[in-house]
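# Geometric and topological summary
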Amino acid sequence: MSLPPPSPDSASSSDKDVPLSDAQTFEQELAAIERSLTGLKERYMQVQQDEQTQAQLQEHQKQLKQQIQRSPSPALKAELTQLQTQLDALEVKLESRLFSWGSLREPFWQIVRFGGLGLVVGWSIALAVLQSPNPSPQPPLLAPQSSQREPGD
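Keep in mind that what you see is a predicted model, and the values were worked out from it rather than measured.

Within the protein chain, the regular secondary structure consists of three helices and zero strands. When the helices and strands of the protein chain are listed from N to C terminus, the series reads α-α-α. Contacts in the protein chain between residues at least 24 apart in sequence constitute 57% of all its contacts with a sequence separation of at least 6. Carbon and sulfur atoms form 60% of the exposed surface of the protein chain, whose accessible area is close to 13800 Å².

Where nonpolar side chains cluster on the molecular surface, the patch consists of F114, L117, V121, I125 and V129 and spans about 490 Å² of accessible area. For V121, the location among the structural elements is in helix 3 (residues 101–131).

What follows is about the environment of K77. Its place among the elements puts K77 in helix 2 (residues 74–98). With a relative accessible area of 46%, K77 lands in the partly exposed category. Separated by 13 residues in the primary sequence, K77 and L64 place their C-alpha atoms 8.3 Å from one another. With residues near it in sequence (within four places) discarded, K77 still touches I68 and P72.

A word on the confidence of the model for the protein chain. Residues shown with low pLDDT carry predicted positions that ought not to be read at fine detail. Per-residue pLDDT for the protein chain averages 78, and the proportion of residues at 70 or more is 73%. Here helix 1 (residues 8–70) is the element of the protein chain with the lowest mean pLDDT, 80, and helix 3 is the one with the highest, 86. Below a pLDDT of 50 lies the segment residues 7–15, which in the model reaches zero contacts outside its immediate sequence neighbourhood of four places, other chains included.

Turning our eyes to something else, we now look at the packing of aromatic side chains. Within the structure shown, the criterion is met by one aromatic pair. Centre to centre, the rings of F108 and W109 are 4.9 Å apart; their planes meet at 75 degrees, and the pair counts as edge-to-face. Its relative accessible area of 37% is what places F108 among the partly exposed residues. A relative accessible area of 44% means that W109 is categorised as partly exposed. A cation over a ring is seen here: R113 above F114, with NZ or CZ 6.0 Å from the ring centre.

With respect to the helices and strands, Q54 occurs in helix 1. Taking relative accessible area as the criterion, Q54 reaches 16% and is therefore assigned buried. If near-sequence neighbours (up to four positions away) are discounted, Q54 is found in contact with L87, L90, E91 and L94.

With that settled, the discussion passes to the nonpolar core. One finds L57, L64, I68, L76, L80, L83, L87 and L90 forming the largest nonpolar core, which totals eight residues. Elements that contribute at least two residues to this core include exactly helix 1 and helix 2. Looking at which element gives the most residues to this core, the answer is helix 2, with five residues. Contact partners of L87, with chain neighbours within four places excluded, come to Q54, L57, Q58 and Q61.

Basis of the calculations
- Residues numbered from 1 in each chain as written.
- Predicted model: local features only at pLDDT ≥ 70, side-chain atom pairs only at ≥ 80, totals over all residues.
- Heavy atoms only, no water.
- Helix = DSSP H or I, 4+ residues; strand = E, 2+ residues; numbered from the N terminus.
- Contact = heavy atoms within 4.5 Å.
- Areas by Shrake-Rupley, 256 points an atom, 1.4 Å probe, with all protein chains shown as cover.
- Patch = residues over 30% accessible without salt bridge, like charges linked within 9 Å, V, L, I, M, F, W, Y side chains within 5 Å.
- Salt bridge = Lys/Arg side-chain N within 4 Å of Asp/Glu carboxyl O.
- Buried < 20%, exposed > 50% of the residue type's maximum accessible area, 1.4 Å probe, protein only.
- pLDDT = per-residue confidence, 0-100.
- Phe/Tyr/Trp six-rings, centres within 6.5 Å; stacked < 30°, edge-to-face > 60°.
- Lys NZ or Arg CZ within 6 Å of the ring centre and 35° of its normal.
- Core = buried A, V, L, I, M, F, W, Y, C linked by side-chain atoms within 4.5 Å.

Encoded structure:
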């Protein structure tokens, strides 16, 4: 099925389509950026809430330790252990938010790129050194003989 040749009117309408597709592309990219920003705001709010919770749990932990020093009891020790477990889980959660694959992606690929470049350069230098002719050994210099005085001098 062949298409009819473009008419002069259709050529002008195709010129209008180019900016429209650029506008659509821009709108799609803008929407993606807005979604990314919304996700970033949500993660930031979660991190703030987790930090507040961590501060509250640490304060409660200090109070429990003081109570245990005054009057040790198994119930307080069990609560302190449970509190420590919650703090550890919260700390891991906060750290995982700070160090995600997304934040480490660019440095990782830079290391791979420049490390690979270093290997290629190193191999090239080693190959060049191994293929270069060795200088021919020079004959050893004769050591000057000690001058012996002849009798009569």
